[in-house]
Amino acid sequence: MQRIEEKLKILADAAKYDVSCSSSGSTRKNRDGIGDASASGICHTYTEDGRCVSLLKILLTNHCIYDCAFCVSRKSNDVKRAAFTVEEVVDLTMNFYRRNYIEGLFLSSGIFKNADFTMERMLRIVKKLRQEERYNGYIHLKTIPGASEEMVKEAGLYVDRMSINLELPTEAGLKLVAPEKDHESVRKPLAFVNEQMKSFKEEKKLIKHTPIFVPAGQSTQMVIGATPENDFEIMQVANDFYKNYNLKRVYYSGYIPINNGNSLLPQIGSAPPLVRENRLYQTDWLLRFYGFQLDEILNPQHIHLDLDIDPKLSWALRNPHFFPVDVNAADFNAIIRIPGIGRQSALKIIQARKFGRLHAYQLQKIGIAYNRAKYFLRCADSPFMLGHPSMEYVRIAILNAGNQKSRQQVSAGQLTLF
Amino acid sequence: MYYLFDGTYLGFLCCVFESFERKEATVVPITSEDHQIDLFKDRRTIVTDNAKALRVQKGVQERIGNAEAMDFYRAFLSEDRKAWQASFFILHQIFTGRTAIRQHYGNDHVLYFSQILKKVSRERHRMKAFIRFSKSSDGLFFALVEPDFNVLPLISDFFRKRYADMPWLIYDMKRKYGLLFDTRQVGEVQLSPEEVQDTTMPSVAIAMDERDELFQRLWKQYYTSTNIEARKNMKLHLQHVPRRYWKYLVEKK
Ligand code: SF4
């Protein structure tokens, strides 16, 4: 019998490559038991790599019948194996939760025997938490590709978020390193859960007591830099998944080499592509919250994101005709396109200018990155200028000003954007 | 003119009331905790009168709505003298008809007020995140904290709703009071110095739940295992978990 410490060590270690730790988006309330969901999520601590720790993220087991080359838990890898019992996972979750260590549980698993056998155990855990422990905290369940629809549907009644990982951005990439897998087995359950979510919502309009189903929605993850896809291909896939399956999030995880067994993969010692990962998240953000279309940022002529500068600045430099934007007159959607101005500052600008035209010192106080933004905006005291400076000059000036902090800010998920 | 009040929010609102009564627009609210208080020569002592305070509170609510009126309470809890003064300025503007003043980010007081609200809100959020309960043998979950601002009143509801089936105590070591939940309601408590000693050295005094140490160990284990060495970024780490909070964080102790 392995001690619980050792199991936790093995099964937390094996689960950590799933970068998602989000606990947001659910509205579950505490109905005479313990726990509730916090709509915006809570990070209870941060690891030394600067990532948010919100959930107890573990595998049920790292035994696996598959042999995906990019995965630590693959069959042929020589690692210690462990498996939690249903009771152990419930006990850990409850005791961590009551001590306010976590927002909830993120449970995934290697595939033990077969998909349904594994899924059945995971289902038992979430049911026990909800029914016996009267636990209303957050649960993220990574479903097992190939598990029966009945089980997936039942699990949806207990969990807050579901995910299935694409693993590699394209089918071709996946075939290179995991020939037994395909994207279809990811698309199918995502589509199925999405349909269920819609019909539960419809029903809720008619019948008030309809139970909630996956209230925090679905997400997926792609490993970046293991296989040769370019940024344009990656973001096309992400865009497609956001649109077709209504995903809440797509995660991009810079590949961390874990063995030298497969010559197609980056070898141990090569640094994970953290800057690139950051650029992909920024692009993702621009598409979802800044009103950008994918082809404005990436297109067949422009298939790589610039690593030196963020994608918004990069877009701005390629589109000088859009600037300067007059912050005292332009609408919100134009102001958020100015490099160095985020959504919050743009809102403040719109409100503050009702009291009089804004000057540079006021913009600085409001908190925009003025040294970057100044090339792209006009305010009350901007000097009159004929034409605009060459964008090549602007690029160099910004890079030299050392304002480009983003190079060091290479976290995943929680970044300082623009 | 300096207004010396008792340090409570009601007292603060009474300062606002008095300044209108006396038509003294430039007022600096201070409490007995401000240093070198005797240097402030022209000072007036304001006596807290609940009825007056409530009139001010009502007046603000009527003009800008309940939600925004709460912001003045939040800013007050910052204990920041500059924020108090900004509140004073804004309240004066509101009572003289300029109810949209809060959007005037070009104004220093308004900007400062919005910044302090952000800070208070961040501290409140941090307390929701960084509080760590230990379980004693009689089943009480207790936590010690030293928040930058006096945010306990702002997290009370959150903890009451979430941990509704267990008794808990959250104690502010800096301000020497705590919230105690008995599974029915939350009340304010003060501990004697000996009791505080007991909670800081639980091994000596408070009998701990026999499995409490196990879960603390498991949590530390988890924290170590979930870290990815190849991505190490201490700068970012410290930005999220500043050192001053480590003292009470099981995983950082
Ligand atoms: S099926 Fe999942 S756990 Fe198993 S080897 Fe592949 S990625 Fe790893």
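Here the structure is a predicted model, which is why all the values come from computation and not from measurement.

Draft legend 1. Highlighting the overall build of chain A. In terms of regular secondary structure, chain A is built from 15 helices and 10 strands. For chain A, the C-alpha radius of gyration of 24 Å lies close to 22 Å, the compact-globule estimate for 418 residues. Counting only C-alpha atoms and orienting by the principal axes, one finds that chain A spans roughly 75 × 55 × 35 Å. Scored against the burial criterion, the 418 residues of chain A give a buried share of 59%. Restricting to contacts in chain A with at least 6 residues of sequence separation, those with at least 24 account for 67%.

Draft legend 2. Representation of the UniProt feature "domain: Radical SAM core" (unreviewed entry) in chain A. Mapped onto this numbering, the UniProt entry annotates "domain: Radical SAM core" (unreviewed entry) at residues 59-187 of chain A. Each end of residues 59-187 of chain A is marked by a C-alpha atom, and these two atoms are 22 Å apart; helix forms 39% of the span and strand 11%.

Draft legend 3. Region of interest: the state of the cysteines. All names here are of chain A. What the rule picks out here adds up to one disulfide over all chains. With its sulfur 2.2 Å from that of its partner, cysteine 43 forms a disulfide with cysteine 52. Between cysteine 43 and cysteine 52, the disulfide has an S-S torsion of -105° and is therefore left-handed. Here cysteine 43 and cysteine 52 have matching classes, each one buried.

Draft legend 4. Spatial organisation of the pairing of strand β3 (residues 55-59) of chain A. Residue and element names in this part refer to chain A. With five of its five residues buried, β3 lies for the most part within the structure. What you see with β3 is no split at all: Leu55, Lys57 and Leu59 on one side and Leu56 and Ile58 on the other are buried throughout. Handedness of the crossover joining β3 and strand β4 (residues 104-108) through helix α2 (residues 86-98): right-handed.

Draft legend 5. Structural context of the sheet that holds strand β7 (residues 177-181) of chain B. Residue and element names in this part refer to chain B. Spatial ordering of the open sheet is given by β4-β5-β6-β7-β8, a layout of five strands whose pairing is mixed. On the outer flanks of this sheet lie β4 (134-135) and β8 (186-189), each paired with one strand and no other. One ladder, built from five bridges, connects strand β6 (residues 168-172) with β7; its direction is antiparallel. When the sheet's bridge partners are listed, isoleucine 170 is paired in β7 with leucine 179.

Draft legend 6. Structural detail: the packing of helix α2 (residues 50-64) of chain B against helix α4 (residues 81-95) of chain B. Residue and element names in this part refer to chain B. Across the interface, α2 lies against α4 with an axial gap of 10 Å and an inter-helix angle of 65°. As far as their axial angle goes, α4 and α2 are roughly perpendicular. Viewed along their axes, α2 and α4 form a crossing whose handedness is left-handed. Residues Val56, Gly59, Val60, Arg63 and Ile64 of α2 pack against Leu91, Ile94 and Phe95 of α4. A breakdown of the residues in the contact of α2 with α4 according to their chemical character gives six nonpolar, one polar and one charged.

Draft legend 7. Region of interest: the domain arrangement of chain A. Domains assigned within chain A are domain 1 (4-258 + 271-289) and domain 2 (311-417). Spacing between the C-alpha centres of domain 1 of chain A and domain 2 of chain A amounts to 37 Å.

Draft legend 8. Region of interest: the sheet that holds strand β3 (residues 43-45) of chain B. Residues and elements named next belong to chain B. The strand order across the open sheet built from three strands is β2-β1-β3, with neighbouring strands paired in parallel fashion. Pairing within the sheet leaves two strands with one partner each, and these edge strands are β2 (28-31) and β3. Taking the axes of each pair of neighbouring strands and ignoring which way they run, one obtains an average angle of 30° across the sheet. The sheet contact formed by strand β1 (residues 2-5) and β2 spans four bridges and is parallel. Within β2, the residue paired with tyrosine 2 across the bridge is valine 28. Docked against the sheet, helix α1 (residues 9-21) engages β1 and β2, running at close to 145° with respect to β1.

Draft legend 9. Structural view of helix α5 (residues 108-130) of chain B. The end-to-end C-alpha distance of α5 of chain B is 32 Å, a good match for the 33 Å that 23 residues give at a rise of 1.5 Å each. A distance of 2.8 Å separates the backbone nitrogen of histidine 109 of chain B from a side-chain oxygen at the start of α5 of chain B, and that oxygen is part of asparagine 107 of chain B.

Draft legend 10. Inspection of the site of the ligand at higher detail. Inspection of the region around the ligand gives Cys64, Tyr66, Cys68, Cys71, Arg74, Gly110, Ile111 and Lys181 of chain A as its neighbouring residues. Split by residue class, the shell around the ligand holds five nonpolar, one polar and two charged.

Draft legend 11. Geometry of the side chain of histidine 183 of chain A. All names here are of chain A. On the secondary structure map, histidine 183 appears in the loop between α5 (171-177) and α6 (184-206). Polar side-chain contacts of histidine 183 include one of 3.4 Å to the backbone oxygen of leucine 166. Setting aside chain neighbours within four positions, we find histidine 183 in contact with Leu166, Leu168, Pro169, Thr170, Glu171 and Leu174.

Draft legend 12. Quick look at the domain arrangement of chain B. All names here are of chain B. Domain annotation for chain B reports domain 1 (2-122) and domain 2 (131-252). The C-alpha-based centres of domain 1 and domain 2 are spaced at 32 Å. Between domain 1 and domain 2, the residue contacts involve seven residues of the former and seven residues of the latter. Where domain 1 abuts domain 2, roughly 630 Å² becomes buried across the two surfaces, and 68% of that area is made up of carbon and sulfur atoms. When the buried surface of domain 1 facing domain 2 is broken down by residue, Leu77, Glu79 and Val120 rank first, second and third, together holding 62% of it. Counting across the domain 1 and domain 2 interface gives one salt bridge. Glutamate 79 serves as the salt-bridge partner of arginine 175, at 2.8 Å between the closest nitrogen and oxygen. On inspection of domain 1 and its partner domain 2, the count reaches two residue pairs in polar contact (both at pLDDT 80 or more). Within the residue set of the side of domain 1 that touches domain 2, elements represented by two or more residues are α3 (66-76) and α5. Looking at the side of domain 1 that touches domain 2 residue by residue, the class counts come to three nonpolar, one polar and three charged.

Draft legend 13. Representation of the interface of chain B and chain A. On the chain A side, the residues contacting the 55 residues of chain B number 60 residues. For the pairing of chain B and chain A, the buried interface totals around 5300 Å² over both sides, and the portion due to carbon and sulfur atoms is 55%. The three residues of chain B that bury the most area against chain A are Arg162, Tyr222 and Arg231 of chain B, which together make up 16% of that side's buried surface. Where chain B touches chain A, the interface holds nine salt bridges. The shortest N-O distance in the salt bridge between lysine 232 of chain B and glutamate 48 of chain A comes to 3.2 Å.

Draft legend 14. Main features of the pattern of salt bridges. Summed over the entire model, instances satisfying the criterion amount to 45 salt bridges over all chains. The salt bridge partner of aspartate 36 of chain A is arginine 162 of chain B, with a shortest N-O separation of 2.9 Å. Taken together, the residues aspartate 36 of chain A in the loop between α1 (4-13) and β1 (45-46) and arginine 162 of chain B in helix α6 (residues 152-162) connect one chain to another. Here aspartate 36 of chain A and arginine 162 of chain B have matching classes, each one buried. Glutamate 18 of chain B is the salt-bridge partner of arginine 22 of chain B, the closest N and O atoms lying 3.1 Å from each other. What makes arginine 22 of chain B partly exposed here is its relative accessible area of 41%. Overlapping salt bridges, with partners in common, bring together Arg3 and Glu5 of chain A together with Glu213 and Arg217 of chain B in one network.

Each value, and the rule that gives it
Residues numbered from 1 in each chain as written. Chains lettered and ligands numbered in written order. Predicted model: local features only at pLDDT ≥ 70, side-chain atom pairs only at ≥ 80, totals over all residues. Heavy atoms only, no water. Helix = DSSP H or I, 4+ residues; strand = E, 2+ residues; numbered from the N terminus. Rg over C-alpha atoms; globule rule 2.2 N^0.38 Å. Buried < 20%, exposed > 50% of the residue type's maximum accessible area, 1.4 Å probe, protein only. Contact = heavy atoms within 4.5 Å. UniProt positions renumbered as here; feature names shortened; annotations may be inferred. Disulfide = S-S within 2.5 Å. Right-handed = clockwise from strand over helix to strand, strands pointing away. Pairing = 2+ DSSP bridges. Axes fitted to C-alpha atoms, helices over the stretch in contact; angles between N-to-C directions. Parallel < 35°, antiparallel > 145°, perpendicular 65-115°, else oblique. Left-handed = near helix turned anticlockwise from the far one by under 90°. Nonpolar A, V, L, I, M, F, W, Y, C, P; charged D, E, K, R; others polar. Domains from an automatic or database assignment. Expected span 1.5 Å × (residues − 1). Polar contact = N/O pair within 3.5 Å; in protein donor to acceptor, adjacent residues only side chain to side chain. Near = heavy atom within 4 Å. Buried area = accessible area lost by both parts, 1.4 Å probe. Salt bridge = Lys/Arg side-chain N within 4 Å of Asp/Glu carboxyl O.

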